[in-house]
Amino acid sequence: MNTKLLQMKFFPFLPVFLLMLAFFSPGFSQAQNALPTQKKLPPVNYVRSRDVDIKNVSIDLHFDWDKEQAFGATVVTLAPFKDLNKFSLDAASMMINSVTLASGSQLKFNYDAKKENDNLEITLDRAYKRGEDIAVKIDYRTSYVNTADADTAIGSFGRGLRFIKPTADNPNKPRQIWSQGETEFNRYWFPSYDSPNDFRTSELRATVQKPFTVVSNGKLVEVKDNGDNTRTFYWKMDMPYTNYLTSIVVGEYAEVKQDYAGIPIINYAYPNETKEVAATVKNLPDMLRFFSEKTGVKYPYPKYAQTFVEDFGGGMENISATTMIEEMVHDERELIDQDSDSLQAHELAHQWFGDYVTTREWSDIWLNESFATYFDALYNEHSKGRDDFLFNNIRANQNSYFNAWNQGNRRPIVTKHYANKDAMFDAYAYPRGGAVLHMLRKHLGEENWWKAINHYLVSNANQPVSTEEFRIAIEEATGESMDWFFDQWLYRMGHPIFEVTKNYDTAKKQLTLNVKQTQKIDPTNEFPQVEFFRSFVDVEIGTPTATRVERVWIKPKAENVFTFAVDANPTLVNFDYERTLIKELKFDKSVDELIYQMTNDKDVLGRSWAMGELAKPFTSETTSAADKAKIFNAMTGAITKEPFWGLRRDIISRIPPGNDKGNPLEAMFGDNKTPAPKFPVELVNALMTAAKDPNSNVRAAAISMLGRTKDARFVDLYVSALNDRSYGVIDAASASLAMTKDARSYDQLVKLVGTPSWKDRIKIAGLSGLAVLEDKRSLEMGLKFAADKMQSGNVRSTALIIVASSGKGDPRAFPLIFESYKKALENNQFQSIFNALASFIRLADPRGQEAFDLAKAKFKSQPQLLGYVAMFEAQFKKAIADTGNRGK
């Protein structure tokens, strides 16, 4: 399962907002000593015991669209582990009509809807022996209505069946039904044993009206026309798997077909999106090939399907039938800026790691999610290269972990102590675990890594697994004892903090590195911790004539000293080449050394680290003017000379240009009263060049930075950029154009509003620009689009920002925005939610505080979304204060 797409689909300015915030906020230095809070161990959770072994579930359903219920029967075939005459199943929020043997004999049952597990107790017709097969049929109707409320840590996935239908506010909504089983939510639509430590096969029959299609697990055996405008779809999965991976999707679809080695790949697309789906999934067959060849286990199921649905939280790896959020579909122009390969690779990797082998208990969920996270990264390395892999996967995974650590979320990756199984799907299950797998790969080496992965899969095929099975597989495949690695990185929490100093002895031609570990045990946290870490670390040493990488072994003690023979005083020393280790690092270097590393290091993460380190002296009052000039010139030069596009983009946001002391968010949310910075001519020239960069993300960043000048001399550049093929560039150009307040802006932005495009991307760019422009002529347009229910939700919520920015003092503004906001909050429409919060900031009406209070209550169990709300709320309060000050 992957929720990352939610972060990418807010109002178009949000990714820029988050990027800029990251570079203008303090880093995570000394994070391990921050946030001292008393942390008692949560309750312990053990693997669930069971009296029966489920062999097969056979589900037969019809649907009541008006009541949003499923009704029908499920036959559960099982065998007792001991002699018994009664047993229990999990069945949540159901109306049980009858329970019989498959032969038809009635059975007594007791149903307790208030119990969490084993709440359907069935008394058999006689005592059955251990291992004797029993087939029991339960006739029932579901009663839980899944509104996908954020009432679990998993949030917008919801639980059980979700019915999607047109509404008065959204008449264009398609009719769909989809299920969500993870963690233990399939009990809401069919009775079974709903914990992950049991594998069984499945059959599913579902009868639906034409032209609906049913997508489920395994092979489509039959589609039967019933002669009454309905069809019955029969799906069968012969390979055993765990309960939560059973799924169903009902909707109107067109098939976009692909193939890998004779295995059909079917993408169930909206009928009007087949061209875009084909473009979005073009790399999917190569992903199946890559994972099959690398793991040594060919994709094991009869087909692979991706089905696109509304209002889903991201992607879910149901066995052979992944369910995907429809927003991941891109047209060719959107693919210029971003693709959905990461989400697709993540869910596909789960077919091996999470489906073929599945965590036995939620304490080991990293075996599913960390593996999918890292194998998504491995495919990225294969398809986009080493630099992209290091920068956008390894660096990003580590940073995500440190963000969680800074927020006080501190635990081992593997622990039986947790209060809520759904809350285990966090930064430890995904990025921290992915970062640990990368360290493991580097430790073992390529050959042993892939041997271990193959042995793990083959020796545990079609079984639930624990972390110990993975450790044993590594040791059996490679001969290496891995107890220490698993204990240090998986069963204990924390990370090393290194303080590195260097010295070069000219006479001996010897470089000495002194490496101290300065992390401390946190006495307020009862989770097990590591006092001193041990690990290999790669050290890059460069001289004017040669560069080499040497590996040393860090012993688990406070201080390690290493010496290296070097012919000349090194111009470059990079501790932890390619940033393999999860660590904090203090390695003081001179400005000249950092500039040399930023411009010469072959390690993209070494260059990135040096770039970040240079920001410290550049903003320090004690740094000389000469050194500040060196830094500025080096960074300005890197905008056009840095070889990796990601760093070219980021350097633009890292340079504090000229007299720019303000908050970069104010230009997005404020009233445009913030003084414009004055950019040095060298920076302007570099940005003008970057505005023509081959990479669209760099072009957009350059145009956004120029926009902060509010200088009308760049209007021609912005107007030209409005014709760029990249939607991201158009977004940046429309906002930058609006910030100039030039007389030409209004007509150009209105022209964008009338331009057709995929998902109204260009229309939204125009509306967003008009919101920034704050031209009173825009108000009626904003009111018109906000009220037009035939417009998409994103268009309507963006129009509300125009109402807020152009309608201050208009009595229609606040009620309209607030009512729309409450509906978006109720329906988990994330982009509309954050668009509305942005509207309250621009409107600067104190009544808007209620909106932030509602959001905080809604997302109380989702810390990342809560963090976004807090950032918006801080800007709202500033806007209120500024309005009050101007009124005095």
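Scroll up a little and you will see the structure.
What comes next concerns the included structure. (Residues numbered from 1 in each chain as written. Predicted model: local features only at pLDDT ≥ 70, side-chain atom pairs only at ≥ 80, totals over all residues. Heavy atoms only, no water.)

## Description of the pairing of strand 27 (residues 572-575)
Burial of the side chains of strand 27 extends over both faces: Leu-572 and Asn-574 are buried on one face and Val-573 and Phe-575 on the other. Sheet topology places strand 24 (residues 535-542) next to strand 27; 4 bridges connect them, and they run antiparallel. Within strand 27, the position partnered with Gly-542 by the bridge is Leu-572. (Buried < 20%, exposed > 50% of the residue type's maximum accessible area, 1.4 Å probe, protein only. Helix = DSSP H or I, 4+ residues; strand = E, 2+ residues; numbered from the N terminus. Pairing = 2+ DSSP bridges.)

## What about the pairing of strand 19 (residues 321-325)?
On any regular strand, side chains alternate: one points to one face of the sheet, the next to the other face. Among the 5 residues that make up strand 19, 5 are buried, leaving the element largely enclosed by the rest of the structure. Of the two faces of strand 19, the one carrying Ala-321, Thr-323 and Ile-325 and the one carrying Thr-322 and Met-324 are both buried. Both strand 17 (residues 304-309) and strand 19 contribute to a ladder of 5 bridges, which runs parallel. For Gln-306, the partnering residue across the bridge sits in strand 19 and is Thr-322.

## Some points on the pattern of salt bridges
This structure, assessed with the given rule, holds 67 salt bridges. One salt bridge in this structure joins Lys-82 and Asp-51, with 3.6 Å as the shortest N-O distance. Here Asp-51 lies in the loop between helix 2 (13-24) and strand 1 (52-64) and Lys-82 lies in the loop between strand 2 (69-80) and strand 3 (84-89), a separation of 31 residues in the sequence. The structure contains a network of salt bridges with shared partners spanning Arg-48, Asp-90, Glu-116, Asp-118, Glu-184, Arg-187, Asp-194 and Lys-421. (Salt bridge = Lys/Arg side-chain N within 4 Å of Asp/Glu carboxyl O.)

## Structural notes on helix 23 (residues 761-773)
For helix 23, which comprises 13 residues, the first-to-last C-alpha distance of 18 Å matches the rise-based estimate of 18 Å (1.5 Å per residue) to within 8%. Counted residue by residue, helix 23 has 13 buried out of 13 residues, so it is predominantly covered. Among the residues trailing helix 23, Glu-774 stands out with phi positive, at a value near 60 degrees. (Expected span 1.5 Å × (residues − 1).)

## Considering the packing of aromatic side chains
Per the stated rule, a full pass over the model turns up 54 aromatic pairs. Ring centres of Tyr-253 and Tyr-270 lie 6.2 Å apart, and the angle between their planes is 45 degrees; on these two criteria the pair is classed as tilted. Here Tyr-270 lies in the loop between strand 16 (263-269) and helix 3 (274-280) and Tyr-253 lies in the loop between strand 14 (249-251) and strand 15 (254-260), a separation of 17 residues in the sequence. Overall, Tyr-270 belongs to the buried group, its relative accessible area being 9%. The interplanar angle of 90 degrees and the centroid separation of 5.5 Å between the aromatic rings of Tyr-299 and Tyr-301 together place this pair among those described as edge-to-face. Tyr-301 carries the same exposure label as Tyr-299, and that label is buried. Seen from the ring of Phe-391, Arg-395 lies directly overhead, with NZ or CZ sitting 4.1 Å from the centre. The residue whose ring lies beneath Lys-784 is Phe-785, and the NZ or CZ to ring-centre distance is 5.6 Å. (Phe/Tyr/Trp six-rings, centres within 6.5 Å; stacked < 30°, edge-to-face > 60°. Lys NZ or Arg CZ within 6 Å of the ring centre and 35° of its normal.)

## Examining empty space enclosed by the protein
Summed over the entire model, instances satisfying the criterion amount to 3 cavities of 30 Å³ or more. By volume, the largest cavity amounts to about 140 Å³. Taken together, 16 residues form the lining of the largest cavity, with Met-439, Ser-535, Phe-536, Thr-580 and Leu-581 sitting closest to its centre. Secondary-structure elements contributing two or more residues to the lining of the largest cavity are helix 9 (428-444), helix 12 (483-489) and strand 24. At 4 residues, strand 24 tops the list of elements feeding residues into the lining of the largest cavity. A breakdown of the residues in the lining of the largest cavity according to their chemical character gives 8 nonpolar, 3 polar and 5 charged. (1 Å grid on protein atoms, 1.4 Å probe; cavity = no way out; pocket = protein on both sides within 12 Å on 5 of 7 lines; lining within 4 Å. Points joined across faces, edges and corners; volume = space filled by probe spheres on them. Nonpolar A, V, L, I, M, F, W, Y, C, P; charged D, E, K, R; others polar.)

## Overview of the nonpolar core
Residues Phe-63, Phe-470 and Phe-840 are the most contacted members of the largest nonpolar core, which totals 263 residues. Setting aside residues no more than four positions away along its own chain, Phe-470 makes contact with Trp-366, Leu-367, Phe-371, Leu-437, Leu-440, Ile-453, Tyr-456 and Phe-486. (Core = buried A, V, L, I, M, F, W, Y, C linked by side-chain atoms within 4.5 Å. Contact = heavy atoms within 4.5 Å.)

## A short note on the side chain of Glu-310
With respect to the element layout, Glu-310 can be found in the loop between strand 17 and strand 18 (315-316). Since its relative accessible area comes to 13%, Glu-310 is described here as buried. Those residues in contact with Glu-310 that lie beyond four places of it in its chain are Ile-164, Lys-173, Pro-174, Gln-176, Trp-178, Tyr-270 and Glu-326.

## Thoughts on the sheet that holds strand 5 (residues 108-111)
What holds strands together in a sheet is hydrogen bonding between their backbones, with the strands either parallel or antiparallel. Ordered in space as 3-6-5, the 3 strands form an open sheet in which the pairing is antiparallel. With partners counted over all chains shown, the strands left at the sheet margins are strand 3 and strand 5, one partner each. Taken pair by pair, the neighbouring strands of this sheet meet at an average axis angle of 25 degrees, ignoring direction. Relative to strand 6 (residues 120-128), strand 5 runs antiparallel, the two sharing 4 bridges. Considered in strand 6, the bridge of Asn-110 is made with Glu-121. (Axes fitted to C-alpha atoms, helices over the stretch in contact; angles between N-to-C directions.)

## Observations regarding the sheet that holds strand 13 (residues 230-242)
The mixed open sheet is built from 7 strands, whose spatial order is 4-7-2-1-10-13-12. The open sheet has two free edges, formed respectively by strand 4 (94-101) and strand 12 (219-225), since each of these has just one partner strand. Pairwise comparison of adjacent strand axes, ignoring direction, gives a mean angle of 15 degrees for this sheet. Sheet topology places strand 4 next to strand 7 (residues 134-142); 7 bridges connect them, and they run antiparallel. Paired with Met-94 across the two strands is Thr-142, which belongs to strand 7.

## Points about the packing of helix 8 (residues 386-406) against helix 16 (residues 645-654)
The relative placement of two packed helices comes down to the angle between their axes together with the axis-to-axis distance. It is the contact of helix 8 with helix 16, at a shortest axis distance of 9 Å, that shows an interaxial angle of 60 degrees. One way to sum up the angle between helix 8 and helix 16 is to call them oblique. Residue-level inspection shows Asp-388, Phe-391, Asn-392 and Arg-395 of helix 8 in contact with helix 16, the latter providing Trp-645, Gly-646, Leu-647, Arg-649, Asp-650 and Arg-654. Partitioned by chemical class, the residues of the contact of helix 8 with helix 16 number 3 nonpolar, 2 polar and 5 charged. (Parallel < 35°, antiparallel > 145°, perpendicular 65-115°, else oblique.)

## What about helix 13 (residues 591-600)?
Turning to helix 13, its buried residues are Val-591, Leu-594, Ile-595, Gln-597 and Met-598. One side of helix 13 holds all its buried residues, which, seen down the axis, span an arc of 160 degrees. Considering only its buried residues, helix 13 is in contact with strand 27, helix 14 (604-619) and helix 15 (625-641). (Arc of directions from axis to C-beta.)

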